[in-house]
Structures are given as C-alpha cells and as structure tokens.
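# Overview (structure and organization)
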There are 2 protein chains.
Amino acid sequence: MADATEPSKSALKKAEKAAKMAQAKAEKAAKQAANTSTVAVVGGKKVDDIIGITFKKSEHFAQWYQEVVLKAEMIEYYNEIAGFYILRPAAMYVWNVIRKWFQERIEHLGVEETSFPMFLSAKSLEKEKDHVEGFAPELAWVTKAGDKDLEVPVAVRPTSEAVMYPYYSKWIRSHRDLPLRLNQWNSVVRWEAKQTTPFLRAREFLWQEGHTAHMSEKLAEEEVFEILELYAGVYEQLLAVPVVRGKKTENEKFAGGYYTTTVEGYIPTNGRGIQGATSHCLGQNFSKMFDITVEDPNQKGQHMHVWQNSWGLSTRVIGVMVMIHGDDKGLVLPPRISKIQTILVPVGLTAKMTPEEKEAHLAKCESILDTLKKDCRDVRADIDTREGYTPAWKFNDWELKGVPLRLEFGPKDAAKDVVSFARRDTGEKGTIPLSELGTAIPALLEKIQQDMYDKADKAFREHRLVIKDWSKVVPALDARNVVLIPFCLDGKCEDRIKELTKSDEIVEGPDGRPAPSMGMKSLCIPLEQPEEPLAKGQKCLNPECTRDASTWTMFGRSY
Amino acid sequence: MADATEPSKSALKKAEKAAKMAQAKAEKAAKQAANTSTVAVVGGKKVDDIIGITFKKSEHFAQWYQEVVLKAEMIEYYNEIAGFYILRPAAMYVWNVIRKWFQERIEHLGVEETSFPMFLSAKSLEKEKDHVEGFAPELAWVTKAGDKDLEVPVAVRPTSEAVMYPYYSKWIRSHRDLPLRLNQWNSVVRWEAKQTTPFLRAREFLWQEGHTAHMSEKLAEEEVFEILELYAGVYEQLLAVPVVRGKKTENEKFAGGYYTTTVEGYIPTNGRGIQGATSHCLGQNFSKMFDITVEDPNQKGQHMHVWQNSWGLSTRVIGVMVMIHGDDKGLVLPPRISKIQTILVPVGLTAKMTPEEKEAHLAKCESILDTLKKDCRDVRADIDTREGYTPAWKFNDWELKGVPLRLEFGPKDAAKDVVSFARRDTGEKGTIPLSELGTAIPALLEKIQQDMYDKADKAFREHRLVIKDWSKVVPALDARNVVLIPFCLDGKCEDRIKELTKSDEIVEGPDGRPAPSMGMKSLCIPLEQPEEPLAKGQKCLNPECTRDASTWTMFGRSY
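Per an unreviewed UniProt entry, the recorded name for chain A is proline--tRNA ligase, and the organism is Ophiostoma piceae. In UniProt, chain A has this text filed under Sequence similarities (unreviewed entry): "Belongs to the class-II aminoacyl-tRNA synthetase family."

Take the packing of helix α2 (residues 61-71) of chain A against helix α9 (residues 316-325) of chain A next. All names here are of chain A. At a closest axis distance of 11 Å, the pairing of α2 and α9 adopts a crossing angle of 115 degrees. Our pair here, α2 against α9, has a crossing hand that is right-handed. Listed contacts from α9 to Phe-61, Trp-64, Tyr-65, Val-68 and Val-69 of α2 are Gly-319, Val-322 and Met-323. When the residues that make up the contact of α2 with α9 are grouped by side-chain class, the tally is seven nonpolar, one polar and no charged.

This part covers the UniProt feature "domain: Aminoacyl-transfer RNA synthetases class-II family profile" (unreviewed entry) in chain A. As annotated by UniProt and renumbered to match this structure, "domain: Aminoacyl-transfer RNA synthetases class-II family profile" (unreviewed entry) occupies residues 94-334 of chain A. Between the C-alpha atoms that bound residues 94-334 of chain A the distance is 10 Å, and the span itself is 31% helix and 33% strand.

Attention now goes to helix α14 (residues 437-462) of chain B. Helical geometry: 3.6 residues make up each α-helical turn, so side chains three or four residues apart lie on a common side. An ideal rise of 1.5 Å per residue puts 38 Å on 26 residues; α14(B) measures up with 37 Å between its terminal C-alpha atoms. Looking at α14(B), one finds that the buried residues are Leu437(B), Ile441(B), Leu444(B), Leu445(B), Ile448(B), Gln449(B), Met452(B), Tyr453(B), Ala456(B), Asp457(B), Ala459(B) and Phe460(B).

The next point concerns the sheet that holds strand β15 (residues 342-346) of chain B. Residue and element names in this part refer to chain B. In space, the five strands of this open sheet follow the order β16-β15-β17-β18-β19, with mixed pairing throughout. With partners counted over all chains shown, the strands left at the sheet margins are β16 (381-383) and β19 (429-433), one partner each. Ignoring which end each strand starts from, the neighbouring axes of this sheet average 30 degrees apart. Bridging between strand β17 (residues 405-409) and strand β18 (residues 418-423) involves four bridges; their strand directions are antiparallel.

Residues and elements named next belong to chain A. When you tally the buried positions in strand β26 (residues 521-526), you get six out of six residues, the bulk of the element. Of the pairings in the sheet, the one linking strand β11 (residues 244-247) to β26 comprises two bridges and is antiparallel in character. If you follow Gly-246 over to β26, its bridge partner there is Pro-526. Examined bridge by bridge, β26 and strand β27 (residues 551-556) share three bridges and lie antiparallel to one another. Pairing of Lys-521 across the sheet is with Gly-556, part of β27.

Residues and elements named next belong to chain A. As enumerated under the stated definition, the model contains zero disulfides over all chains in all. Unpaired in this structure, Cys-281 has its nearest cysteine sulfur neighbour in Cys-524, at a distance of 18 Å. Its relative accessible area of 0% is what places Cys-281 among the buried residues.

What follows deals with the sheet that holds strand β6 (residues 119-121) of chain A. Pairing is antiparallel in the open sheet, where six strands are placed in the order β6(A)-β8(A)-β7(A)-β5(B)-β6(B)-β4(B). Because the sheet does not close on itself, it has two edges, and the strands there are β6 of chain A together with β4 (119-121) of chain B. Within the sheet, the average angular offset between the axes of one strand and its neighbour, ignoring direction, is 50 degrees. As paired elements, β4(B) and strand β6 (residues 148-156) of chain B share three bridges and run antiparallel to each other. Bridge pairing in β6(B) links Leu120(B) to Ala155(B).

Take chain A, turn it by 180 degrees, move it 0.0 Å along the axis, and it overlays chain B with an RMSD of 0.0 Å. In short, the pair behaves as if placed about a two-fold rotation axis. When C-alpha positions in chain A are compared against the rotation axis, the closest is assigned to Val142(A), at 2.1 Å. An overlap of 94% is found between the interface residues of chain A and their copies at the interface of chain B, pointing to a shared contact surface.

With that out of the way, let us pick up the interface of chain A and chain B. Taken together, the contact between chain A and chain B spans 67 residues of the former and 66 residues of the latter. In this assembly, chain A and chain B are joined by four salt bridges. On inspection of chain A and its partner chain B, the count reaches 32 residue pairs in polar contact (both at pLDDT 80 or more). Its residues placed into classes, the side of chain A that touches chain B shows 36 nonpolar, 13 polar and 18 charged. Across five bridges, strand β7 (residues 140-145) of chain A lies against strand β5 (residues 140-145) of chain B in antiparallel orientation. Bridge assignment links Trp141(A) to a residue of β5(B), and that residue is Lys144(B).

Take the side chain of Gln308(B) next. Residue and element names in this part refer to chain B. Note that Gln-308 resides in strand β14 (residues 307-314). Gln-308 sits in the buried class, given a relative accessible area of 0%. With sequence-adjacent residues up to four places away left out, Gln-308 is seen in contact with Tyr-165, Tyr-168, Thr-212, Ala-213, His-280, Cys-281, Leu-282, Gly-283, Phe-286, Ser-287 and Ile-292.

All names here are of chain A. What the domain assignment lists for chain A is domain 1 (92-118 + 157-325), domain 2 (342-452) and domain 3 (464-556). Just the C-alpha atoms count here: the centres of domain 1 and domain 3 sit 27 Å apart. Both sides together, the interface formed by domain 1 and domain 3 hides about 1,700 Å², and carbon and sulfur atoms give 57% of it. Between the two partners, domain 1 and domain 3, sit one salt bridge. Between Glu-252 and Lys-521 there is a salt bridge, and its shortest N-O distance comes to 3.7 Å. The tally of links from domain 1 across to domain 3 stands at nine residue pairs in polar contact (both at pLDDT 80 or more). Going through the elements one at a time, α7 (217-238), β11, β12 (259-267) and β13 (272-283) are the ones with two or more residues in the side of domain 1 that touches domain 3. Here the element with the most residues in the side of domain 1 that touches domain 3 is β11; it accounts for four residues.

So, on to unusual backbone geometry. All names here are of chain A. Cis rather than trans, the peptide bond between Leu-178 and Pro-179 has omega equal to -10 degrees. Positionally, Pro-179 belongs in the loop between α6 (161-171) and β9 (180-189). Unlike most non-glycine residues, Ala-240 shows phi in positive territory, near 55 degrees. Relative to the helices and strands, Ala-240 is located in the loop between α7 and β11.

The next thing to look at is the pattern of salt bridges. Counted according to the given criterion, the structure contains 80 salt bridges over all chains. Lys170(B) is the partner of Glu76(A) in a salt bridge, and the nearest nitrogen-oxygen pair spans 2.8 Å. Here Lys170(B) lies in helix α7 (residues 161-171) and Glu76(A) lies in strand β3 (residues 75-77), a pairing that spans two chains. Take Glu76(A) and Lys170(B): they sit in the same class, and that class is buried. Of the charged contacts, one joins Glu104(A) and Arg105(A) as a salt bridge, the two residues approaching to 3.9 Å between their closest N and O atoms. Assessed through its relative accessible area of 44%, Glu104(A) is described here as partly exposed. Overlapping salt bridges bring together Asp384(A), Arg386(A), Lys394(A), Asp397(A) and Lys401(A) as one network.

Below, the discussion takes up the packing of helix α3 (residues 89-109) of chain A against α7(A). All names here are of chain A. Interaxial distance between α3 and α7 falls to 11 Å at its minimum, and their mutual angle equals 150 degrees. Classed by the angle they form, the pair α3 and α7 counts as roughly antiparallel. You can see that α3 and α7 cross each other, and the crossing is right-handed. Of α7, the residues touching α3 (which contributes Val-97, Ile-98, Trp-101, Phe-102, Arg-105, Ile-106 and Leu-109) are Glu-226, Ile-227, Leu-230, Tyr-231, Gly-233, Val-234, Gln-237 and Leu-238. Of the residues contributing to the contact of α3 with α7, the split by class is eleven nonpolar, two polar and two charged.

Reading the values: rules and limits
- Residues numbered from 1 in each chain as written.
- Chains lettered and ligands numbered in written order.
- Predicted model: local features only at pLDDT ≥ 70, side-chain atom pairs only at ≥ 80, totals over all residues.
- Heavy atoms only, no water.
- UniProt positions renumbered as here; feature names shortened; annotations may be inferred.
- Axes fitted to C-alpha atoms, helices over the stretch in contact; angles between N-to-C directions.
- Helix = DSSP H or I, 4+ residues; strand = E, 2+ residues; numbered from the N terminus.
- Left-handed = near helix turned anticlockwise from the far one by under 90°.
- Contact = heavy atoms within 4.5 Å.
- Nonpolar A, V, L, I, M, F, W, Y, C, P; charged D, E, K, R; others polar.
- Expected span 1.5 Å × (residues − 1).
- Buried < 20%, exposed > 50% of the residue type's maximum accessible area, 1.4 Å probe, protein only.
- Pairing = 2+ DSSP bridges.
- Disulfide = S-S within 2.5 Å.
- Least-squares fit on C-alpha atoms with pLDDT ≥ 70 in both.
- Salt bridge = Lys/Arg side-chain N within 4 Å of Asp/Glu carboxyl O.
- Polar contact = N/O pair within 3.5 Å; in protein donor to acceptor, adjacent residues only side chain to side chain.
- Domains from an automatic or database assignment.
- Buried area = accessible area lost by both parts, 1.4 Å probe.
- Parallel < 35°, antiparallel > 145°, perpendicular 65-115°, else oblique.

Have a look at this one:
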C-alpha cells in the first residue's frame, strides 16, 4: 500500500485494480450518507449517542481511532462526499502550532511564501512521464463552469510541481536568481480509490509544499536533509513521536523524482510502519522537462539545468500522534501542541455548602487560575466552571479531549494549601503546594512531554528488529515488529519480498475490516544503520535472491 | 530583468494603439503561452523586456496597474488558465501581515479555526433559493475522477455557507453550544465571465470566511459590526486606505442574507468606488433551510432558529492598496505592511577608491544596518550590496518595489556622521544624524504611514459630494466623484438610477478598454450620514421617483 502523500509505482497497478470495486462502494456509501442524517456511525455503531469511547484500542484499533477523532471533536465526517473530512478547531489548533513552528524555521532558511492556483492544465502535468503516471488515476477534473462545458478541462492539483515549474523557468534567468525557494500552505486533492481514514488518507488534505531550485546537486542535497530534520523535529519535539530518518527505495520514491528522504513512524498497537513526511530531491528531471536553466558558471555560454527539491508535510502528522498516544479514554495530547495544557476543575462542592461557601471556593479557584496565568506565562490554563455537570463527568470529558494535566481543587485541598493533579498520560496523581505552582506546573508539563516521547521511543526501539534469518521475518511481523534486513535494493526483489511475506492469518486490516495479513514493504533505508555492519559477502535476505545485500533496509507492514 | 533597451516614442504610441485590442490579444497570448514561454503582455506590450513602469497612472490606469503588480513581483499571470493569478512572495507578505493582525483579533473575540472540504454537493447548495441563484452561474464542476465519471458531480465552493451549515445543524443542540463562531482561511473559486483583474476579480482568490451562530438578532448584530470595524482597521490601520462603513441596499446585499454591511473604498485616479469587505447578517434564512435550532429559553419545549452571520475579507485588499498609493515609478507600500521598511544603499564608491577604502566604507554601512536592527527592533531594515549595479539602478528597483524609506550612505555622509534619506511616498529628501537613527527612523516610518493615510483620506473626502440636485449628478461622476444623494431605497428605483446615469462619453473602462461611462450603482448607506439631515419631505433624487427619500445613500461608478 502506498501512503497518502506519495503514490509509488508499485502500488499503482493494485490501486487501479482495487479502484473499480472501491469506487463503486464509496459512491454507494456517499449516496446513502447524503440521504440520511449526519449521525456518525463507526464500525456499525451510532457512536454519537453514547458518551465516552466505546471501542477498545487493543481490540478494535481502527474503530477506536475513528471514534476518538470524532468524539474528541477533531474530525467530522463530511457525509455529502465520501472520503472528505472536516477539521474542527481541536485539530486546527494542533495544525497551527505545527505550521507556526515550521514556518518560522523555513523563513529563517530563506524560504518565501507563495500561492499558486489550485488548477492544473493537463499539458503541464504531462511533461514528466513518471509524474503523470503517478498522479493521473487520482485527478479530479473540472469540466464545466456554470452550465457551460470548459473548452479544456482542468484538474485540481494533487501536488504542484507541474503548476509551478513553468514559472520557475521564467523567473530563473541567471545564477543570481538561485536558490529560488518557495513554499505554500494549501490543500490538495487526490481522489483515492482506497478506503480513506481521517488524517491518514483523505481525498483532500492540508499540507505545505516547498519547491526549490539550486545551482548544484550538493546544494540541493543539503536542503533536502535540512528539511528532513525539521520534519523529524515536528514529530519528535512537538508531537512526542519518534521517527526513523531514511531514504526511500526506488520502488517507493516520489513519482518523477531523483531520490526521496523520509521520516518513518511506528504504530505499536498493530506494529505497522507509517510514512511521516517526505523531502525529495528531484534532480534535474523536472528542470529538463520544464527547461529551467542558468548559464553554467564553469562553461561560459553553456547552459545547465538547475537542481530541484520538493518537500511536503501534511495533516497526517495529527493522525499518527493520535494513534500512538491515545488510549481507551480518548485522546492524549503532548503538552506542546495542546490548546489547553492544564484544566482546573473545582471539586468537593457538596449540597451541604451554603451558596456563599460555594462562591468563596470558586473565587479561590479563579485566583489559582490567575496565579497560573501570571506566574507561568507560557502555560495555557483554563478552568471548568460549567454548571450542571459533576466533577466525574468533567474529568471524563477532559480525558476524552486529551488535556495533559488536570488540576482539582476542593475544600480539602484548600485546607492544606495544595492543588491535586492527575496526569493524562500515566494517570499518576499527586498534590502541589500552592506556593510552588509557578515552577511546578511548567516542569510537570515538560516531564509529561518527555515521558510521552520516551515511552513511544522505547516501543519503537523494541519493535525494530535486526533480522538475518529469513524464517524469522514473518513471525516478527506477526509479533508487531518492523524489521531491518540485508537487502539488495532491487525493485523486483522488493515486490517479491512483499509477495513472500503475505500471511494467511486473518487480522484487522488498516481500515478495521478483517483481512489476510499484508506483505511487508520497504519503509526506508535508515540513515543511521544498525550498529552491526553488514557482513562481507552478506546476501540479500530474500531466499530467492542471489545478489549481495547493499544496506540494512527497514521493512514492515504499513499504512 | 535583463536588458535596458529604452522603448522609442513611436513604439510607445504603437503600444497605446494596440491597447484597444488588448483583451483579445491577451487571451490569445495566454493560449499561446501555454504552448510556448511565459512572457507577460500588458496592453499589447511585452513589458517584461522593459525596465521600469512604462504606462502612466493618469493616462492608462488599468494597464499601469497590471504592469505595477507584475513588475513589483506581486503577481504573475497564470497563462495556463485564464482568470487565475499566482501570488508571489511580495503579495503573500502583505496578506500574511493582514492575516496575522485579523487572526489575533478574532481569536480574542472567541472565534475558532476550522477547515471544511473545498467541494460542495448540489443538494446542499440548493437549500437556499436566492443563494443558489446568486452563485450557480460561476460554479466550477468536478465531473470526473481519474478516467471515471462521478455519479454525482461536485462543485468547488464559491463560499461555504452550504458546505458548513448542515454541520451547524448537527453541532448546535442547545443554547450551551451558542455562540458557535468558526473561521477558515482558504481559497474559493468563482468562474467569473467578466474581465478578471489581479487581486480585484480573479476566478480563484484567497480569503477568510467567518460563519457564526447566535441566540438572538441583537447578539448577531453586535458581531456584524465588530467584524466590520476590524475590516475597516485592516484598510485604515495597515493599508493606509480610508473607507466608508455602511449598509448595502437590498439590490446589493449578499445572496440569501438578511442584511450586508460593508467598507467601501475610493480610487481617486478614476473616481470609482470599490467594495472593500463585507460582514453579513444572514438572519434566520439559512437556519430555517438547514434546520439549525435550539430550545427557546423563553418558551420551554419550543424550538427557535438561530441567528447567523458570515463575513469575508479577501486578497482584494492588496489591489485596492496598490491602486490608491502607487505612482508612475511603481508600488508605494505603507510601512506597516512592507517586508522591507527601509533599504540602505551604499553610494559614492568611485573608481578612484582603493579596494581597502571600499571595504572600509561597506563595513560602515553594515554597522549602520546593525545599529538599525539593534536600536529599532521593530524596523525591518536591509542593505543592498548587490554588485554590478549602479546606485541609480538600485534606487529605481526599490522604488518600483515600493520600499517606504531609502537610506543612502556615502563618504560625504560619513564625513558628516549622517545618513541621507528619501521617502518613497513624497520623494522628500534629507539627512539624519547617525546618533539619532534609533528614534528618527521609527518616527519617520510612522509619519509616512500617517501621511499616506491622510493624503488618501483627503482625496476621498473631497470627492464624496453631497448632492441634492439631479442635474449635478452625472457631471459630478464625470469629475471623478462619488455622490451622496437622497434615496428611497427601492430596488427598481436603484436600477433606474443606473440606467439614467449612463453617459455617452467614452472613457477607459475598469479593464482598460474604452467604454461608454457606466451608470452609477449604490455603494452603501453610510453609517455616518452627512451632517446635514435629510430635509423633511425630501423626495428621492431620481426625477422619475415620487417616493420620499429614506436616507443619504452613496452612489458611484464602481468596480
């Protein structure tokens, strides 16, 4: 299976085949949805009517995920058209934190912002053969405006190489115009035939796409890895998600590109790998097709084609974060991307208290909130004074929404000059003296952030197995591992490995429906290879392959 | 920009002659360009090959405008598809300043961010009759995905009322869910048949669209005017553009809405009014069609329909700013939205100087830049050390790009411990002691901002004529005024006024082609009415109308 951000060549044929059935199915579903109301149904249940998360993460992972993103109000299903989702404020907040973080850093690198049209002429798209083959099956075509047919239909961009590069050819006249580094934040449309999943695979998704041109392969390469490191930073520093940096194999690289680098994540619950974000060197493939040249500084009068990169990070990151950190109570948000980092819930207001006593207690709560806002300026704190709900109901509600730290304050706490706290990630409880709030809360939030990362990192490390014995591969996959194996890097060998590692075991597929275990595909060639070097003369692990292994390559079942 | 070949005068005349057929040519060129290269043609001229602005603002306003936005690198024509434009970094910078300013303020009001799909089902659109009639002629229809026809075509959103409101119906269950206030930043598509113009009328444009729901008409109304005031702030405080706040007449209000408020600008060069941004109260029209109700707090068990608003501000603001402030040398940017506020150009580096002397002088220039960055932290300063260009060439280049303040520093300045400056808006020159840079530069930039506003405000005030004599209306329009007249507010009367004020005089139309003077339409009913109250029994100014006037209404020829 290819991922939502890049279709690979090998995935194409299968996708096209599956397209016929899935398309019919999806359209049927869309039709039904359009006729009925907008009650969310997950795994056959009308989950809207039930409070809290009803599916268990360990038992029905796909349904659990859908229920969590729905009930935590990150996502709404767009019933009008299948495969589209509404991003609600809880999701947009996370995306905007990421956007701001990344934007500041690429600005610092000298990348400027641009906005190209959303439509693409077929003519431009067709200039790069592999590129058009990669994207043609998923293009949405506008053929009519008002009640008139367009003379020439136009496609909604699935990515903007072919939209932008005719202008790179115009704007780049001399080496003084290099590097040209532009980025845009927009949405793109890929009319996937496959089952869609919120954030991970949608027919429209938000992303940023950077497109740059350089004087040399070396300068292009430097940027490719600078950007890859920023993508890793989004996962590791903001989302508390560990990733493996690597290069894609030829089979899995960007359609029309030269090479693709990637950050790869891992979902412990089902042992699948998931592509995080990709930074491509396009080489001179597009500059040759779109005639983007400058005078060669080494040969006066001669022209040379520029070196290009493109790189993209999408809202998929949010889905990966939810899958890794969430639990049976709902979302678990890392503090750095949580809109509310700590929520204060007044407790212990009994029926025996007079209205004055209640008011006095609530006033104390408000003063704690004030202290938090004043003493820890960077902490995003709020108070839940909603009437008509019990503290227990509020606890569940904030747990569902993933707020990292809950504070409770009741008369007993007041008597001791403390607040009680409960961590969302571990459930750990304790008290903090009121006098120490200003230092304790920020420190605790940072600890939660670090602990969440460490836990996920440990899980990934423990399930990334170096394997030199073919017979151990499928059992390792079945035990929810990804594997690092000696591999020859040949594309056909890779296809064969996928075939050979299919298993008859029926498991929950990535869409939640039972399916035979899929074969493994290559996730990446990790930049940081296993400590153990490849033995001299080490063969490719595929028992049918006679070639020498080139590198350790990470394979796994994947999204 | 490459060669400095000055156009001969005869070539200029030829070009002017060709301007009449500009439209046909431009479209033909656009078609050809899709096959060949991307050379920009404005008014029949290949303006790319000529340095500087070749059209005069006062003589060929439309062509001047197109040439300025092109050569200042705000816009590139998207030759692949007519009516679409590329927003380059110089434009995106301005848009992002506006976005940040506005976003902070609506967040403060409690508006949250969302992202709905770009596609719309015909079914949703059709729910509000006036709304669908208003937008249907401009809808872009996706009918195919890959090589398969969609069972049900989907339209690209022209605005998102019909995309969003089915979900408002789902999310709003009780008065606790109100107000619901969501905003999204996106692009919308309106496949205009009319001549397109960069920023002002494009088939795709960037904007924000806010959609909110309230308990009562009063609460909705409060927000409508809060937002309108923010829109006025974008124009007045950021873009130094004066606007008149007002209400639209029934003829000009939003399709399907209850009432529309607007900020209206004025282009002195041609005396046209231009709509700046609109904040609509939708009343209960949409909530009735989409069934958005809550329990009526005054009548238990009874349901009431919520009150809704929608409001939008688009990249049009940039075009209005360019038209008002620009001059024959190019763009003139107000300091608050200019990426570079002050550019330092080293001068006086003669051929007689030794390399060491030059280096020493450039080091001094760099230290001035450092001082600027340290002492005036909020000033965005840069230095132009490009080699191979004369200071004069650099002056022209920065003037073309609109940088508000140029600093020059040569050996003569160094001897006196001053920098020389030149204001972009007035051309005023002077010197500033080096020791005073830290205070003088920010003050001068603020003065430029204020002076630009004052100049535009004076022009608007002088050309907003209160007229009580019908015979003076057309001469006032011909003299580039907008007019405030007693008006009955009747829609048919408004249509008739448009007819009656058409003139046979041939002028440059809004698209640059000669056209008979258009009739005037109502721009708005200003919230701030003329000081002189309407006389008791004052009739509507239309000589054919027998009704009493209701208000002073602002009419004008317009975009």
